[in-house]
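Examining the three-dimensional arrangement
These are the residues of each chain, in order.
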Amino acid sequence: MSANGHGGMKLTLDIWRQKNASDPGRFVRYQVAANEHMSFLEMLDVLNQDLITKGEEPLAFDSDCREGICGMCGFVINGSPHGPTHGATVCQLHMRFFKDGDSLTLEPWRAKAFPILKDLVVNRAALDRIIQAGGYISTRTGSAPEANSILVPKESSDIAMEAAACIGCGACVAACPNASAHLFTSAKITHLGVLPQGQPERYTRVLDMMNQTTAEGFGHCTLMGECEAVCPGHVSLEVIPRMNADFFKGSLKKRDPKAVAGGA
Amino acid sequence: MALDSRIPGGPLENKWSERKDHMKMVNPSNKRKYTVIVVGTGLAGGAAAASLGELGYNVLNFCYQDSPRRAHSIAAQGGINGAKNYQNDGDSVYRLFYDTIKGGDFRAREANVYRLAEVSVNIIDQCAAQGVPFGREYGGTLANRSFGGAQVSRTFYARGQTGQQLLLGAYQALERQVATGQVKMYSRHEMLDLVLIDGRARGIVVRNLETGKIQSFIGDAVMLCTGGYANAFYLSTNAKNCNTSAIWRAHRRGALFANPCYTQIHPTCIPKSGDYQSKLTLMSESLRNDGRIWVPKKKGEQRPVDQIPEEDRDYYLERIYPSYGNLAPRDVSSRQAKYRCDEGLGVGPGGLGVYLDFSEAIKRLGQNVIAERYGNLFEMYERITGENPYQVPMRIYPAAHYTMGGLWVDYDLMSNVPGLFVGGEANFSDHGANRLGASALMQGLADGYFVLPLTVGDYLASGGIKKADTSHAAFKDAEREINTRLDKLLGAKGKRTVDSYWRELGTILWDECGMARSKESLQRALTKIPVLREEYWKNLKVPGSGNDFNQELEKANRVADFFELGELLCADALDRNESCGGHFRTEYQTPDGEAKRNDAEYAYVAAWGWKGENQKPELHKEPLVYEKIQLATRSYK
Ligand SMILES: Cc1cc2nc3c(=O)[nH]c(=O)nc-3n(C[C@H](O)[C@H](O)[C@H](O)COP(=O)(O)OP(=O)(O)OC[C@H]3O[C@@H](n4cnc5c(N)ncnc54)[C@H](O)[C@@H]3O)c2cc1C
Ligand code: FES
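As the structure is a computational prediction, the values presented were derived from the model and not from experiment.

Considering the overall build of chain A
Scanning chain A from terminus to terminus reveals nine helices and seven strands. A buried classification covers 61% of the 264 residues belonging to chain A. Per element, the accessible surface of chain A, about 10100 Å² overall, is 54% carbon and sulfur. Looking at chain A, you have 25 positive and 28 negative side-chain charges, and the mean spots of the two groups are 6 Å apart.

Concerning the overall build of chain B
Of regular secondary structure, chain B possesses 16 helices and 19 strands. For chain B, whose C-alpha radius of gyration is 24 Å, the value lies close to the compact-globule estimate of 26 Å for 637 residues. The dimensions of chain B, computed from C-alpha atoms along their principal axes, are 75 × 60 × 50 Å. In chain B, buried positions account for 67% of the 637 residues. Long-range contacts, defined as pairs at least 24 residues apart, comprise 73% of the intrachain contacts of chain B with a sequence gap of at least 6. Accessible surface computed for chain B: about 20800 Å², of which carbon and sulfur atoms make up 48%. Across chain B, the 80 positively charged side chains and the 75 negatively charged ones have centroids separated by 2 Å.

Digging into the pattern of salt bridges
If you walk through the whole model with that rule in mind, you get 77 salt bridges over all chains. Residue aspartate 102 of chain A is joined to lysine 99 of chain A by a salt bridge in which the shortest nitrogen-to-oxygen separation is 3.3 Å. A salt bridge links arginine 383 of chain B to glutamate 379 of chain B, with the shortest nitrogen-to-oxygen separation between them at 3.6 Å. Of the two residues, arginine 383 of chain B and glutamate 379 of chain B are both situated in helix α10 (residues 367-385); the distance of four residues between them amounts to about one turn of the helix. Bridged by salt links that share partners, the residues Asp105, Arg107, Asp331, Arg576, Glu578, Arg597, Asp599 and Arg634 of chain B form one connected network.

A few points about the site of ligand 1
Around ligand 1 sit 39 residues, and of these Gln65, His72, Ser73, Met191 and Glu425 of chain B come closest. This site is not confined to one chain, since residues near ligand 1 come from chains A and B. Methionine 191 of chain B is positioned with one of its backbone polar atoms (N or O) 2.8 Å from a nitrogen atom of ligand 1. The fraction of the free accessible surface of ligand 1 (1000 Å²) that becomes covered by protein chains is 98%. Those elements that place two or more of their residues in the shell around ligand 1 are α2 (43-55), β6 (189-197), β15 (394-403) and α11 (440-461) of chain B. Element by element, the count of residues in the shell around ligand 1 is highest for β6 of chain B, at three residues. The residue makeup of the shell around ligand 1, split by class, is 17 nonpolar, 18 polar and four charged.

Examining the interface of chain B and chain A
Contact residues are listed per partner, giving 78 residues for chain B and 78 residues for chain A. The contact between chain B and chain A buries some 6400 Å² in all, and 49% of this surface belongs to carbon and sulfur atoms. Note that glutamate 372 of chain B is salt-bridged to lysine 154 of chain A, the shortest N-O span being 3.1 Å. Along the contact surface separating chain B from chain A lie 50 residue pairs in polar contact (both at pLDDT 80 or more). With nine residues, helix α5 (residues 162-180) of chain B is the largest single contributor of residues to the side of chain B that touches chain A. Classifying every residue of the side of chain B that touches chain A by side-chain character gives 29 nonpolar, 25 polar and 24 charged.

Regarding the sheet that holds strand β1 (residues 9-17) of chain A
Residue and element names in this part refer to chain A. One open sheet accounts for five strands, arranged β2-β1-β5-β3-β4; its pairing is mixed. Either end of the sheet is taken by a strand with one partner, and the two such strands are β2 (26-34) and β4 (80-81). One ladder, built from four bridges, connects β1 with strand β5 (residues 103-107); its direction is parallel. Each bridged residue has a counterpart across the sheet, and for threonine 12 the counterpart in β5 is serine 103.

Some words on the packing of helix α12 (residues 473-491) of chain B against helix α15 (residues 551-575) of chain B
All names here are of chain B. α15 packs onto α12 with a crossing angle of 105 degrees between their chain directions and a minimal axis gap of 10 Å. The angle between α12 and α15 falls in the class roughly perpendicular. Taking contact as the criterion, the partners of Arg485, Leu486, Leu489 and Leu490 in α12 are, on α15, Leu553, Ala556, Asn557, Ala560 and Asp561. The class makeup of the residues in the contact of α12 with α15 is six nonpolar, one polar and two charged.

Section: the state of the cysteines
Under the definition given, this model contains zero disulfides over all chains. Free of any disulfide, cysteine 242 of chain B has its nearest cysteine sulfur in cysteine 70 of chain A, 9.7 Å distant. With relative accessibility at 9%, the residue cysteine 242 of chain B sits in the buried group.

Regarding the side chain of serine 518 of chain B
As for its placement among the helices and strands, serine 518 of chain B is situated in the loop between α13 (498-513) and α14 (519-539). Residues in contact with serine 518 of chain B, not counting those within four places in the same chain, are Arg585, Thr586 and Glu587 of chain B.

Structural notes on the environment of tyrosine 324 of chain B
Relative to the elements of secondary structure, tyrosine 324 of chain B occurs in the loop between α7 (316-320) and α8 (330-342). The contacts of tyrosine 324 of chain B, once residues within four sequence positions are left out, are Lys102, Gly149, Ala150, Gln151 and Tyr636 of chain B.

Side note on the domain arrangement of chain B
Residues and elements named next belong to chain B. Parsing chain B into structural domains produces domain 1 (36-262 + 402-461), domain 2 (265-400) and domain 3 (473-615). Using C-alpha coordinates to define each centre, domain 1 is positioned 23 Å away from domain 3. If you look at the interface, domain 1 gives 52 residues, while domain 3 gives 56 residues. Here domain 1 and domain 3 share an interface that buries about 4500 Å² over both sides, 60% of which is from carbon and sulfur atoms. Where domain 1 meets domain 3, there are eight salt bridges. Between glutamate 578 and arginine 107 there is a salt bridge, and its shortest N-O distance comes to 2.9 Å. The interface formed by domain 1 and domain 3 includes 26 residue pairs in polar contact (both at pLDDT 80 or more). Mapped by element, the contributors of at least two residues to the side of domain 1 that touches domain 3 are β6, β7 (200-208), β8 (214-218), α6 (245-252) and β10 (257-258). Looking at the side of domain 1 that touches domain 3 element by element, the count peaks at six residues for β6. Of the residues that constitute the side of domain 1 that touches domain 3, the class distribution is 28 nonpolar, twelve polar and twelve charged.

Digging into the packing of aromatic side chains
All names here are of chain B. A complete count under the given rule lists 34 aromatic pairs over all chains for this structure. On the numbers, 5.9 Å between centres and 85 degrees between planes, the contact of tryptophan 248 with tryptophan 610 is edge-to-face. Placement of tryptophan 248 in helix α6 and of tryptophan 610 in the loop between β18 (604-609) and β19 (618-623) is noted, with a sequence separation of 362 residues between them. Overall, the relative accessible area of 1% leaves tryptophan 248 in the buried class. Each residue in the set Tyr94, Phe97, Tyr98, Phe106 and Tyr114 is aromatic and connected to the rest through ring pairs, giving one cluster. Taking the ring centre of tyrosine 157 as reference, the NZ or CZ of arginine 145 above it sits at 3.9 Å. Note that arginine 292 overlies the ring of tyrosine 315, its terminal NZ or CZ placed 3.8 Å from the centroid.

A word on the domain arrangement of chain A
All names here are of chain A. Taken as a whole, chain A is organised into domain 1 (9-118) and domain 2 (124-263). Just the C-alpha atoms count here: the centres of domain 1 and domain 2 sit 30 Å apart. Each side of the interface is counted separately: domain 1 has 18 residues, and domain 2 has 20 residues. Summed over both partners, the interface of domain 1 with domain 2 comes to about 1400 Å²; 66% of that surface belongs to carbon and sulfur atoms. For the domain 1 face of the interface with domain 2, the top three residues by lost area are Gly87, Ala113 and Phe114, together amounting to 35%. The interface formed by domain 1 and domain 2 includes four residue pairs in polar contact (both at pLDDT 80 or more). A breakdown of the residues in the side of domain 1 that touches domain 2 according to their chemical character gives ten nonpolar, six polar and two charged.

Description of the packing of helix α2 (residues 125-132) of chain A against helix α5 (residues 182-193) of chain A
Any two packed helices are characterised by the angle at which their axes cross and by the distance between the axes. Residue and element names in this part refer to chain A. Remark: α2 packs on α5, axes separated minimally by 11 Å, with the N-to-C direction vectors making an angle of 30 degrees. The orientation of α2 with respect to α5, classified from their angle, is roughly parallel. Helix-helix and strand crossings are classified by hand; for α2 and α5 the assignment is right-handed. The segment α2 lies against α5, with Leu127, Ile130 and Ile131 engaging Phe184, Thr185 and Lys188. Taken together, the residues of the contact of α2 with α5 break down into four nonpolar, one polar and one charged.

Reading the values: rules and limits
- Residues numbered from 1 in each chain as written.
- Chains lettered and ligands numbered in written order.
- Predicted model: local features only at pLDDT ≥ 70, side-chain atom pairs only at ≥ 80, totals over all residues.
- Heavy atoms only, no water.
- Helix = DSSP H or I, 4+ residues; strand = E, 2+ residues; numbered from the N terminus.
- Buried < 20%, exposed > 50% of the residue type's maximum accessible area, 1.4 Å probe, protein only.
- Areas by Shrake-Rupley, 256 points an atom, 1.4 Å probe, with all protein chains shown as cover.
- Lys, Arg positive; Asp, Glu negative; His and termini not counted.
- Charge placed at Lys NZ, Arg CZ, Asp CG, Glu CD.
- Rg over C-alpha atoms; globule rule 2.2 N^0.38 Å.
- Contact = heavy atoms within 4.5 Å.
- Salt bridge = Lys/Arg side-chain N within 4 Å of Asp/Glu carboxyl O.
- Near = heavy atom within 4 Å.
- Polar contact = N/O pair within 3.5 Å; in protein donor to acceptor, adjacent residues only side chain to side chain.
- Nonpolar A, V, L, I, M, F, W, Y, C, P; charged D, E, K, R; others polar.
- Buried area = accessible area lost by both parts, 1.4 Å probe.
- Pairing = 2+ DSSP bridges.
- Axes fitted to C-alpha atoms, helices over the stretch in contact; angles between N-to-C directions.
- Parallel < 35°, antiparallel > 145°, perpendicular 65-115°, else oblique.
- Disulfide = S-S within 2.5 Å.
- Domains from an automatic or database assignment.
- Phe/Tyr/Trp six-rings, centres within 6.5 Å; stacked < 30°, edge-to-face > 60°.
- Lys NZ or Arg CZ within 6 Å of the ring centre and 35° of its normal.
- Left-handed = near helix turned anticlockwise from the far one by under 90°.

Right, dumping it as structure tokens:
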């Protein structure tokens, strides 16, 4: 491949190319020139411009906000979801973290619950279905009380915010040797479960969401913490024991309906 | 065509109640007989789809991302306004209304803006009840911060991720309706055309982005909540795939496009670093609460920034606008940054930047407090620039950010096409010629939760919608046209990529119709764009096929619409011989460089009608009549 006049570094990329869900897929090698000010995705944009100009099929990868917040982007670089810097999405990864001559392997999230659509693009609809199972507070539009009539201790509000920072990208699943989605599911359970507004549905929520997570084919959690290490939302592993505690309590309440009447 | 804005009678304060009290209603058990198509899952679309589902309508909801949670609203950082007056600083519905009207340089419709301010308080209640983790005081009550163009603290926030948290609230409400089957969600489906039957909006044609399949959907009403068109400039703070296609296609089918030239250039973005750059990153306006903006007083200043003493710095916003200081509105702040850089005082590569400096706030409040308030923004800045803003001031420069213009709508948010409703950034309704910070989230949620679900009911209950299905000729014709268009894009087999054209179009718009515009620059743009557009259709190179996941084809189709929109944007800017808000015509300015309005001739909404390719669009005027307030010269001094 031609060095494309963008200077500085030359990289060798082994990229997973797969035409569609039924294609077995393979790695294809590309050479690309980049400079340190580019973002990683801009480097791939440059590669794609070259491929198109040469009449080859460009690489499919997802991105939208390119600000690390929408959760659309994500693939694995040298075995690391979102790349080697950890704690940020791949759209926020900059080329200054790489050096001339580096060889990188790019592949999609690999998990049974995330079927590959094309190249680096996967289907993450399973995460939406987990939310559908109970990741909300049932409050109809218009039925809300005056906002300050619900006091939320700042500490709870902070815990809720930190858990709610999950961007739903799926890196946790890709990082986990068991392809577990526990960090994702428990982040939502923690966000809603520590708030006063979330109490009425707290225990049904945890059971329903956990059941759905299993039904989607995600693995179980052995608290290895690989998910936390790569999470661009900085969601703490702490949400998992919180969820487990609620899950046990919820399961007990389910067996003894009288206990449910007592609420939280 | 006479534009009927259908503003209810009576005093401004009572108009919304008046309208609600006299709406026609669909009774609860009949709602399930109606289907509403909602395109978009951002704050406006997500909130509307969820609320319509709760009411019992069948809803078909579309977005181009792989999940409704990723709509561009997710990226909003700073906050959302609400006239709660929790700070006891004298805020009120009237004050929020007035600030918004004034912020919009008296070019918005009074009745709509008043309603927006009125429902702002319900939005905060609604979101708090959904569990949106707003910032709180130690006593457990909600906290506020200040935003530009206001002298009260009325902005609610969830750290630097307010849009994310508000959108997740709406998304969760939406998923709850998806689970009940009331809403059917179509992710990775892009609307490519609007279908009218008997003059009413009845459906859409979409492309399944995974399979390439073209498919039609019919409903009793169509709602477009598809966001803004700032990506016409190529480089903007918007998400890469934000586009104008949905509203542009509707425009070509008869919906009027209002005030396209009202575009917002945001003052605080990370400057561009190279020609490969794919987008610009916003640094939230909330930073201006604690950051001070300055440039060196001397041209060609060589000293490192920490060695430039106070007396050699020009805190120009504080100097020129003492009562608003660093919180002057966006149009004003952007323009002043441009003036400084034009004077050769800019900092950083190419002299295209000004400093946003936190050193004093860090000294006063401590690094922890600043980290708590803006930590994620500081991190993002450092990741992108490699500089640590706790130690050196940020460098910022204005960038295309938001579009006040959009499809024309009446008071009910219905376009001139019966049955076509438009919400959020996609309509033109509330921000006049300039939007104040923290007001887009407010408008999206006001439209989605509290206005559209009611007004669409009134439309449906008014009757006259005939039975039809997607075998109707109007659908078949639209499908055929789309297939022809996609074939044409794929078939050009020319030499240049979509991106290369998009960049060139963006550069024309930015240079000739950006922060400053003149008759000459606009005429230049209007000569260049059609030539480039023509070349685009002939010399474009789009790989792959239409029956496949094909991101280049998606983009080619969107850029084709940006070309047409870009032309209208410039035509509108040329036609408006005045400066107002974000529309700054260099010929019309005060001696100190502020925008000079011409109320006698231009106090109207310019609503443009499509007349066909290469035809002059037709201008319809909606006069802006102010019952409550006096038009005044906007001053932030
Ligand atoms: C970086 C940034 C920060 C901001 N910060 C703030 C802030 O702090 N406060 C504030 O008030 N405002 C802020 N804004 C503005 C605000 O975020 C937006 O104006 C607002 O969120 C728009 O919401 P929306 O619902 O109208 O559209 P969007 O959120 O843009 O949603 C558009 C939806 O339409 C869908 N769509 C678009 N086209 C099609 C199509 N053809 N077919 C199918 N679906 C389609 C998309 O998939 C998406 O679901 C910010 C904007 C940016 C860019
Ligand atoms: S593109 Fe939005 S998080 Fe990366």
